[in-house]
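Listed here are the chains, written in short residue letters.
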Amino acid sequence: MHPPFDAAALLLSLDDETAALARALYAKAGPDARGLDPAHLDYEITRLLLELEDDQLRERSDYNEAAQGEAERAGDRDAIDRLMQERRQINEARRSLDRRREETRMFVSPRR
């Protein structure tokens, strides 16, 4: 179990510039997360986690594509085979992510 969030302690732990930005964000009008529907919060957190995973997969894919091009230029057959296998794993992870994204939309859709 985590202790309750302490905004004052957070602000004290930040450097001056970041603390000023945080105070400005706190002062900005917006919804209070404590008053939001728990199901909506769960949905949004899940959605954001899926977005982060998607970003990671894109980065892995971009790196893989560049590495595969280098391996092809160098004629490194072992590296090409390894990178092709990794590409298949990335594509399977993308399909899994897409399925989870769709399930999230169907089963945990927010009330607006």
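One can find the structure itself at the top, above this paragraph.
Residues numbered from 1 in each chain as written. Predicted model: local features only at pLDDT ≥ 70, side-chain atom pairs only at ≥ 80, totals over all residues. Heavy atoms only, no water.

(A) Expanded view of a nonpolar patch on the surface. There is a patch of nonpolar side chains on the surface, built from Phe5, Leu10 and Tyr26 and spanning about 330 Å² of accessible area. Position of Phe5 among the secondary structure elements: in the segment before α1 (7–13). By relative accessible area, Phe5 is classed as exposed at 63%. (Patch = residues over 30% accessible without salt bridge, like charges linked within 9 Å, V, L, I, M, F, W, Y side chains within 5 Å. Areas by Shrake-Rupley, 256 points an atom, 1.4 Å probe, with all protein chains shown as cover. Salt bridge = Lys/Arg side-chain N within 4 Å of Asp/Glu carboxyl O. Helix = DSSP H or I, 4+ residues; strand = E, 2+ residues; numbered from the N terminus. Buried < 20%, exposed > 50% of the residue type's maximum accessible area, 1.4 Å probe, protein only.)

(B) Focus on helix α4 (residues 77–107). Helix length check: α4, at 31 residues, gives a terminal C-alpha distance of 45 Å against a target of 45 Å (1.5 Å per residue), a fit within 8%. Buried residues along α4 sit against α3 (38–74). Capping the start of α4, Asp76 holds a side-chain oxygen 3.4 Å from the backbone nitrogen of Asp78, two or three residues further along. (Expected span 1.5 Å × (residues − 1). Contact = heavy atoms within 4.5 Å. Polar contact = N/O pair within 3.5 Å; in protein donor to acceptor, adjacent residues only side chain to side chain.)

(C) Layout of the nonpolar core. Counting 5 residues, the largest nonpolar core consists of Ala67, Ala71, Ala79, Ile80 and Leu83. For this core, the secondary-structure elements that each account for two or more residues are α3 and α4. Each residue touching Ala71, except ones within four places of it in the same chain, is listed here: Asp76, Ala79, Ile80 and Leu83. (Core = buried A, V, L, I, M, F, W, Y, C linked by side-chain atoms within 4.5 Å.)

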